[in-house]
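As a plain string of letters, each chain reads:
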Amino acid sequence: MTNPEIHFFPASEWVPNHPFLPVLVYRQVFDAAEKDRAHGFERRFSDAGWQGLWRNGVFSYQHYHVGAHEVLGIAEGKAELLIGGPEGATLEVRAGDCLVLPAGTGHMRISASDDFLVVGGYPPSQHADIETAAATPGELKIIATLPVPHSDPLYGTAGPLVSLWKEASGSPD
């Protein structure tokens, strides 16, 4: 099991970010024997109960989601992503890395290799919207109260996300 890097982002200009959940970055989650990382991410996410799986890239404009936490598995290539809004941090990601973004977290692609491919998904009963403007008070409440997933998208119910996010949220269960 790969332990994630933990990144906290305060609000950044019009991007709310999450008030208490950190971004998790898992580096190189597959061993060299994994030849089809896209399928590997899909299998892991699905086995962990994450849904709405898709294959694509990351938009080249700053955006965030109110109604869902999001997992991004880097299946191929490499990229520089701006995470946390306009005043956030540039993260370099490459094939085999995986990011989990709590609702409200700004993200965009700065640059990417031609073969850049992402597999994404969401926890059960959560649906991603695409927000490109400041959150309303009602949206900020949704972001702050969206349930913590019951499983880590890579490692299931025993994965680091479950304990890290429950601790950050103050949730006893």
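Residues numbered from 1 in each chain as written. Predicted model: local features only at pLDDT ≥ 70, side-chain atom pairs only at ≥ 80, totals over all residues. Heavy atoms only, no water.

Observations concerning the nonpolar core
Turning to step 1, where the next piece is worked out: Core analysis: the largest hydrophobic core is formed by 21 residues, its most contacted members being Y26, F41, F45, V100, L154 and L161.
Turning to step 2, where the next piece is worked out: Only β2 (23–26), α1 (37–47), β4 (70–76), β7 (98–101) and α3 (160–169) provide two or more residues apiece to this core.
Turning to step 3, where the next piece is worked out: Apart from residues no more than four positions distant in its own chain, F45 is found in contact with W50, L53, V71, G73, C98, V119, P153 and L154. (Core = buried A, V, L, I, M, F, W, Y, C linked by side-chain atoms within 4.5 Å. Buried < 20%, exposed > 50% of the residue type's maximum accessible area, 1.4 Å probe, protein only. Helix = DSSP H or I, 4+ residues; strand = E, 2+ residues; numbered from the N terminus. Contact = heavy atoms within 4.5 Å.)

Brief notes about the pattern of salt bridges
Turning to step 1, where the next piece is worked out: Within the structure shown, the criterion is met by 5 salt bridges.
Turning to step 2, where the next piece is worked out: Residue R27 pairs with E5 through a salt bridge whose shortest N-O separation is 2.9 Å. Of the two residues, R27 is situated in the loop between β2 and α1 and E5 in strand β1 (residues 5–7); the sequence distance between them amounts to 22 residues.
Turning to step 3, where the next piece is worked out: The closest approach of N and O atoms between D97 and R27, which form a salt bridge, is 2.9 Å. One end of the pair, D97, is in the loop between β6 (89–94) and β7; the other, R27, is in the loop between β2 and α1, with 70 residues separating them in the sequence.
Turning to step 4, where the next piece is worked out: Judged by relative accessible area, D97 falls into the buried class, the value being 2%.
Turning to step 5, where the next piece is worked out: Residue classification places R27 among the partly exposed positions, given a relative accessible area of 27%.
Turning to step 6, where the next piece is worked out: Each of the salt bridges in this network shares a partner with another, and the network as a whole consists of E5, R27 and D97. (Salt bridge = Lys/Arg side-chain N within 4 Å of Asp/Glu carboxyl O.)

Notes on the packing of aromatic side chains
Turning to step 1, where the next piece is worked out: This structure, assessed with the given rule, holds 5 aromatic pairs.
Turning to step 2, where the next piece is worked out: Aromatic side chains F59 and Y61 sit 5.0 Å apart centroid to centroid with 10 degrees between the ring planes, which places their arrangement in the stacked category.
Turning to step 3, where the next piece is worked out: We classify F59 as partly exposed; its relative accessible area is 37%.
Turning to step 4, where the next piece is worked out: A network of ring pairs unites the aromatic residues F30, F41 and F45 as a single cluster. (Phe/Tyr/Trp six-rings, centres within 6.5 Å; stacked < 30°, edge-to-face > 60°.)

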